[in-house]
Amino acid sequence: MTTEATAAVKLTRKDFVTDQDVRWCPGCGDYAILSQVQRVLPELGVPREKIVFISGIGCSSRFPYYINTYGFHTIHGRAPTLASGLKISRPDLCVWIATGDGDGLSIGGNHLIHILRRNLNVQILLFNNRIYGLTKGQYSPTSEEGKITKSTPYGSPDHPFNPIGIALGAGATFVARSIDVENQHMPGVLLRAAQHKGASFVEVFQNCNIFNDGAFDYTTDKENKLDRQLRLENGKPMVFGKNNDKGIRMNSQMQAEVIEFKDGLSEKDCLIHDETNPAIAYMLSQMVAPKFPTPMGVFFAIQKTTYEEVATEQINTAKKTRPLTIEQLLKSGDVWTVK
Amino acid sequence: MTTAGTSTSGRTRTVTPKHDVVIRFAGDSGDGMQLTGAQFTAEAAIAGNDIATFPDYPAEIRAPAGTIHGVSGYQLNFSDHEVFTAGDEPSVLVVMNPAALKANIKDLAQNGILIVDTDSFTEQNLKKVKYEANPLEDGSLDKYQLFKIDITKLTTAALNDMGLSTKEATRCKNFFCLGLVSWLFHRPTEITIQHIEKKFKNKPGLAEANRRAFMAGYNYADTTELFAESYEVKSAPITAGTYRNITGNAATALGFVAAAQRAGRPLFLGSYPITPASDVLHELSKYKALDVVTYQAEDEIAGIGSAIGAAFGGAIGITTTSGPGLDLKAEALGLAAKVELPLVVADIQRAGPSTGLPTKTEQSDLLLAMFGRHGESPLPVIAAASPADCFMCAYTAVRIAVKYMTPVILLTDGYIANGSEPWKLPEVDQLPDITVKFATDAATYKPYSRDEKTLARPWAIPGTPGLEHRLGGLEGQNGSGNISSDPDNHELMTKLRAEKVQRIAQEIPPMRVMGPKSGDAIVVGWGSTFGPIHAAVKQLQKEGRSVAHSHISYINPLPSDLGDLLKNYKKVIIPEMNMGQLRMLIRANFLVDAIGINKMKGKPFTISELVTKISAIMDGRKLEAVQ
Ligand code: SF4
């Protein structure tokens, strides 16, 4: 978003809290995400009335009710469509989309890839809990293979989607990931997403403690998380581990591999993260636990024209070069007069 | 009365006056017959005739050449009096190949003029459409005035020194045909030449080729004394004003732009290409200078979703589609009804179910428009009667959407979408007022407070300080809009949404009746059947029948005086291009035993079939007897 910052009054987190009762299950990861978003919004310097949250259907999609901005809780999977129409006709607004793995990748998958492709200047937060929560526990497009759920008592036969890979494949200009419990990490990612001019896609690992509890425990486990997460920093070598003693390098097969800093290997052998390199971004998207640490942070960020800026430009040019009044328009074509 | 005239070559010829002529051009999709038809229409309009046209396309873009399903036709009715349809049966038929002959000859009137390009009647082409013998030779066309002309050869000969390929030269044969018929109907050549020059401004070579082909056709008719006589249709008494010939789709687009301009808001169209609605998208995409954004969405759902999003932001949100697309938009329409945002959905109907007959017309989406959403989700429905009427209907749809804060469904169909007629240009400042007033007062604002007269809720758009609110599909508390599952509130909201739509009846002008105020029968129609019904009832009245015609433009809500009106007639007859969808509504609403005349052929009614069937019903005969 690049909405001109005109907030005369400094807003605080409290300004973004609504009077509605929050109705997520106690302990749900959504609370943490809500709280991080409410923390980041005042930092944008955008007046509250210029911010709009749009969602589809699902637990994540209750989000707009709890943020005191303009909001629209729409229908299943379609949030990007409403956001597109709003942003194109009102480029002055700062538009956010809250969606989930079912809403955004199953029923709304088509809209998600197209909003990314068109590069509308909006922020998309995809809460990935790898399960259907609101409909009470069926497997989702990001559930792991063989997942046993209410609708798959014998295990799901599906291969799961990789949300980051989809976003990259769709031509997204900003792709990042964070985790609900990482309250030091998420605000930075959200801020970057908000400041990016173009469609920002942020996958947030979110724990559904009712239907898929512990889905990300392996990655978030306090003891071992530093060994299991790769914190991405642009221009820095890909180093991780409790003692910063491991890293990622590209082997001769052009594949990522984990190295330990011994036998002469060091930070110098590691790949340097470059947010503008799509090959690195794709490689990172394919790094899956437990073979690899899970990458966190900004995978990819580049600049491209946004849909609405081109659309607005076309209108302005038409007004300048081919001005037209409605009277002229109606009388255009072959006109004749009967006396 | 027959007079002698002087042709350009100085020969005398006989000029026979005619009141009206129906002409049809037919050929392969690639033969350019649509262009010939449209150009001949322009000539007739400028000559002051009243006109109505009906193009008939195949579903395939370029079906294999020479096949029946590749035949494309264009019919024009031009007259010295008011016309209501493109005409029942052509009295002149121009065919470019055996397929076009086979597909159209059954419609040609007895002793009608049949102009044929003999060059295309090769053994191979005849075989393609299963002609065992050449119909031009075997006497089977004896009941028509057959003119066999080697149009292709004559055209290429006229262009032979231009350095064109045979293919390029052959393509000009449609202008040769235009020249022939222009001579036949006494049209001045200058207008068409001007048109050619304008149309091919950037391709002077093509302009010259088409001009030459056109003049070659004209002169051929003149010098060879091909036709024993020529015809003249005098100008029709038409209300004074400035006119243009317009198709329904173009009129729909202009109606939307005019409404948005009157409302002082940008127009946003979210649409996915679909036949026969795409022309509205094409048309609107040209008007950026008038604050029109056209967004070609990834699918039908995104088309309506984006329009709702734009409406949330304060734009005039529109989505255009045809039946299959309306199916897909149902859920989003329900959302728009629940959140009470203004929106117009235009359904340019085509024959269904499923993909059906994509290029053929039908009125079979009426009940879909009325009821095709889950839950209690009433919406206003307006239907256009003719190509030019699409303008006011589109305009009115926006006006009502904004005034009542509701989605509105506008129904037109393939017949009037592609068909054209003269349209008297309106004065923009005389159009009904459309005022948009956004809520701004934070102290009094409630998302679901209501206007006393219209029950509309306030329109508060993002960017307005202090009015931050959340909309959504979940049932909301009356007033605050907060999520509520209170049983009494849900019932109240259900009734309020219905009542709001009902109140739109106060916008509907009194029903107009053509004919006696009471009598044996009233024929009631909606949508594009207006023309044929009107003409048929006029004819029946001339025959002395006690029958009236009344047309319904507002289908939901129905006009409040309609029920009483129907009681004044012994019989209520409802012709529709469906199985009786309006009839079902009329019966349900007024407990009237309405009788249907139903046609599901992908074609509009002809006047004569309506005359026959209405008479039969009035006489108490069984309809099957006159099928
Ligand atoms: S079902 Fe799961 S995702 Fe939904 S609110 Fe409860 S814990 Fe959160």
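Source: prediction; values computed, not measured.

Caption draft 1: Structural view of the overall build of chain B. Check the secondary structure of chain B and you find 20 helices and 24 strands. Expected size for 627 residues packed as a compact globule is a radius of gyration near 25 Å; at 27 Å, chain B falls within 12% of this value. When its C-alpha atoms are laid out on the principal axes, chain B stretches across 85 × 60 × 45 Å. Every one of the 627 residues in chain B was classed for burial, and the buried ones make up 62%. Considering only intrachain contacts with a sequence separation of at least 6, the fraction spanning at least 24 residues in chain B is 75%. For chain B, the accessible area works out to roughly 24,000 Å², and carbon and sulfur atoms hold 51% of it. Of note, chain B has its 63 positive side-chain charges centred 1 Å away from the centre of its 67 negative side-chain charges.

Caption draft 2: The packing of helix α1 (residues 29–40) of chain A against helix α6 (residues 186–195) of chain A, seen in detail. All names here are of chain A. Orientation of α1 relative to α6, taken along the N-to-C sense of each, is 55 degrees, at an axis distance of 9 Å. Overall, the two elements α1 and α6 adopt an arrangement that is oblique. In terms of crossing hand, the pair formed by α1 and α6 is right-handed. Only M186, P187, L190 and L191 of α6 make contact with α1, whose side of the interface consists of I33, Q36, V37, R39 and V40. Looking at the contact of α1 with α6, its residues break down into seven nonpolar, one polar and one charged.

Caption draft 3: Structural detail: the interface of chain A and chain B. Between chain A and chain B, the residue contacts involve 54 residues of the former and 66 residues of the latter. Around 5,200 Å² of area is buried between chain A and chain B when both sides are counted, 64% of it from carbon and sulfur atoms. Inspection of the region where chain A meets chain B yields three salt bridges. For the interface between chain A and chain B, the tally reads 26 residue pairs in polar contact (both at pLDDT 80 or more). Counting only elements with at least two residues in the side of chain A that touches chain B, the list comes to β2 (70–73), α2 (79–89), α4 (109–118), α10 (307–321), α11 (326–330) and β12 (335–338) of chain A. Here the element with the most residues in the side of chain A that touches chain B is α2 of chain A; it accounts for seven residues. Its residues assigned to classes, the side of chain A that touches chain B comprises 22 nonpolar, 19 polar and 13 charged. Sheet topology places β12 of chain A next to strand β10 (residues 241–247) of chain B; four bridges connect them, and they run antiparallel.

Caption draft 4: Here's a closer look at the sheet that holds strand β8 (residues 239–240) of chain A. All names here are of chain A. Reading across the sheet, the three strands line up as β8-β9-β10 and stay open at both edges, with antiparallel pairing between neighbours. Here the strands that pair on one side only, and so sit at the sheet edges, are β8 and β10 (256–260). As paired elements, β8 and strand β9 (residues 246–250) share two bridges and run antiparallel to each other. Residue pairing in the sheet places F240 in a bridge with K246 of β9.

Caption draft 5: Spatial organisation of the site of the ligand. What surrounds the ligand is the set W24, C25, C28, C59, N129, G133, Q206, C208, N209, I210 and F211 of chain A. Along the lines of polarity and charge, the residues of the shell around the ligand split into seven nonpolar, four polar and no charged.

Caption draft 6: Focus on the domain arrangement of chain B. Along its sequence, chain B is carved into domain 1 (3–232), domain 2 (244–430), domain 3 (437–507) and domain 4 (519–626). Taking the mean C-alpha position of each, domain 1 of chain B and domain 3 of chain B sit 59 Å from one another.

Caption draft 7: The arrangement of the packing of helix α1 (residues 33–46) of chain B against helix α6 (residues 173–184) of chain B in detail. All names here are of chain B. Here α1 crosses α6 at 30 degrees, and the two axes come no closer than 9 Å. In terms of their interaxial angle, α1 and α6 are classed as roughly parallel. Remark: the crossing between α1 and α6 carries right-handed chirality. Side by side, α1 and α6 meet where M33, L35, T36, Q39, F40 and E43 of the first sit next to N174, F175, L178, V181 and S182 of the second. In terms of residue class, the contact of α1 with α6 is made up of six nonpolar, four polar and one charged.

Caption draft 8: How the structure looks around the pairing of β10 of chain B. Relative to strand β17 (residues 420–424) of chain B, β10 of chain B runs antiparallel, the two being bridged by five bridges. By the bridge assignment, I246 of chain B is partnered in β17 of chain B with E421 of chain B.

Caption draft 9: Just the sheet that holds strand β7 (residues 229–231) of chain A, in detail. Ordered in space as β7(A)-β11(A)-β5(A)-β6(A)-β4(A)-β3(A)-β1(A)-β2(A)-β18(B), the nine strands form an open sheet in which the pairing is mixed. Both edges of this open sheet fall to β7 of chain A together with β18 (470–472) of chain B, since each of them pairs with a single strand only. For this sheet the average axis-to-axis angle between neighbouring strands, irrespective of direction, equals 20 degrees. Across the face of the sheet, α6 of chain A comes into contact with β3 (94–100), β4 (122–128), β5 (174–179), β6 (200–205) and β11 (294–301) of chain A while running at roughly 160 degrees to β5 of chain A.

Caption draft 10: Representation of the side chain of K288 of chain B. Counting through the fold element by element, K288 of chain B comes out in the loop between α10 (278–284) and β12 (292–296). Within the buried set, K288 of chain B has no salt-bridge partner at all; the shortest N-O distance to an opposite charge, 11 Å, is to D291 of chain B. Not counting residues up to four positions away in its chain, the partners in contact with K288 of chain B are Q314, I315 and A318 of chain A together with T294 of chain B.

Caption draft 11: Looking closely at the pattern of salt bridges. All names here are of chain B. Summed over the entire model, instances satisfying the criterion amount to 40 salt bridges over all chains. With a closest N to O distance of 2.9 Å, R497 and E475 form a salt bridge. Of this pair, R497 sits in helix α16 (residues 487–503) while E475 is found in the loop between β18 and α16, placing the two residues 22 residues apart along the sequence. Comparing R497 with E475 shows no difference in burial state: the two are buried.

Caption draft 12: Layout of the side chain of T294 of chain B. Along the chain, T294 of chain B turns up in strand β12. Residue class for T294 of chain B comes out buried when judged on its relative accessible area of 13%. Leaving out residues up to four positions away in the same chain, T294 of chain B has contacts with Y307 of chain A together with L269, L281, L284, S285 and K288 of chain B.

Caption draft 13: Focus on helix α19 (residues 581–590) of chain B. Of all the positions in α19 of chain B, only Q581, L582, R583, L585 and I586 of chain B are classed as buried. One or two steps after α19 of chain B, the chain reaches L591 of chain B, where phi turns positive at roughly 50 degrees.

Caption draft 14: Region of interest: the environment of A277 of chain B. Residues and elements named next belong to chain B. As for its placement among the helices and strands, A277 is situated in the loop between β11 (267–271) and α10. Linking A277 and H19, residues 258 residues apart in sequence, is a C-alpha distance of 34 Å. Filtering out sequence-adjacent residues up to four positions away, A277 remains in contact with N249, T321, S322 and I348.

Caption draft 15: View of the nonpolar core. Membership of the largest hydrophobic core comes to 169 residues, with the highest contact counts inside it found for F72 and L116 of chain A together with F256, L284, I555 and L582 of chain B. Looking at which element gives the most residues to this core, the answer is helix α14 (residues 389–404) of chain B, with 11 residues. In this structure, L284 of chain B is in contact with A253, F256, V257, L267, L269, V292 and T294 of chain B, ignoring residues within four places of it in sequence. Core analysis: the next-biggest nonpolar cluster, separate from the first, contains 51 residues, F147, F214, A216 and A236 of chain B among them.

Caption draft 16: A look at α10 of chain A. Here α10 of chain A is 15 residues long and its end C-alpha atoms lie 21 Å apart, about the 21 Å a rise of 1.5 Å per residue gives. Regarding α10 of chain A, the residues found buried are E308, A311, I315 and A318 of chain A. Seen along its axis, α10 of chain A keeps its buried residues to an arc of 95 degrees; they face one direction. Projecting away from the buried face of α10 of chain A at angles above 90 degrees are the exposed residues K320 and T321 of chain A. In this fold, the buried residues of α10 of chain A make contact with α2 of chain A together with β12 of chain B.

Caption draft 17: Region of the structure containing the packing of aromatic side chains. Across all of its chains, the model carries 25 aromatic pairs over all chains by this definition. Judged by centre distance (6.4 Å) and plane angle (75 degrees), the ring pair of F84 of chain B and F530 of chain B falls under edge-to-face. Taken together, the residues span a long stretch of sequence, with F84 of chain B in the loop between β5 (71–79) and β6 (92–95) and F530 of chain B in helix α17 (residues 530–542) at a distance of 446 residues. Look at F530 of chain B and you get partly exposed, because its relative accessible area is 23%. Among the aromatic residues, those joined into a cluster by ring pairs are W24, Y31, F53, F63, Y66, W96 and F127 of chain A. Positioned above the aromatic ring of F200 of chain B is the side chain of K199 of chain B, whose terminal nitrogen or guanidinium carbon lies 5.8 Å from the ring centre. The lysine or arginine in question, R457 of chain B, covers the ring of Y448 of chain B, its NZ or CZ lying 5.0 Å from the ring centre.

Cut-off values and rules
- Residues numbered from 1 in each chain as written.
- Chains lettered and ligands numbered in written order.
- Predicted model: local features only at pLDDT ≥ 70, side-chain atom pairs only at ≥ 80, totals over all residues.
- Heavy atoms only, no water.
- Helix = DSSP H or I, 4+ residues; strand = E, 2+ residues; numbered from the N terminus.
- Rg over C-alpha atoms; globule rule 2.2 N^0.38 Å.
- Buried < 20%, exposed > 50% of the residue type's maximum accessible area, 1.4 Å probe, protein only.
- Contact = heavy atoms within 4.5 Å.
- Areas by Shrake-Rupley, 256 points an atom, 1.4 Å probe, with all protein chains shown as cover.
- Lys, Arg positive; Asp, Glu negative; His and termini not counted.
- Charge placed at Lys NZ, Arg CZ, Asp CG, Glu CD.
- Axes fitted to C-alpha atoms, helices over the stretch in contact; angles between N-to-C directions.
- Parallel < 35°, antiparallel > 145°, perpendicular 65-115°, else oblique.
- Left-handed = near helix turned anticlockwise from the far one by under 90°.
- Nonpolar A, V, L, I, M, F, W, Y, C, P; charged D, E, K, R; others polar.
- Buried area = accessible area lost by both parts, 1.4 Å probe.
- Salt bridge = Lys/Arg side-chain N within 4 Å of Asp/Glu carboxyl O.
- Polar contact = N/O pair within 3.5 Å; in protein donor to acceptor, adjacent residues only side chain to side chain.
- Pairing = 2+ DSSP bridges.
- Near = heavy atom within 4 Å.
- Domains from an automatic or database assignment.
- Core = buried A, V, L, I, M, F, W, Y, C linked by side-chain atoms within 4.5 Å.
- Expected span 1.5 Å × (residues − 1).
- Arc of directions from axis to C-beta.
- Phe/Tyr/Trp six-rings, centres within 6.5 Å; stacked < 30°, edge-to-face > 60°.
- Lys NZ or Arg CZ within 6 Å of the ring centre and 35° of its normal.

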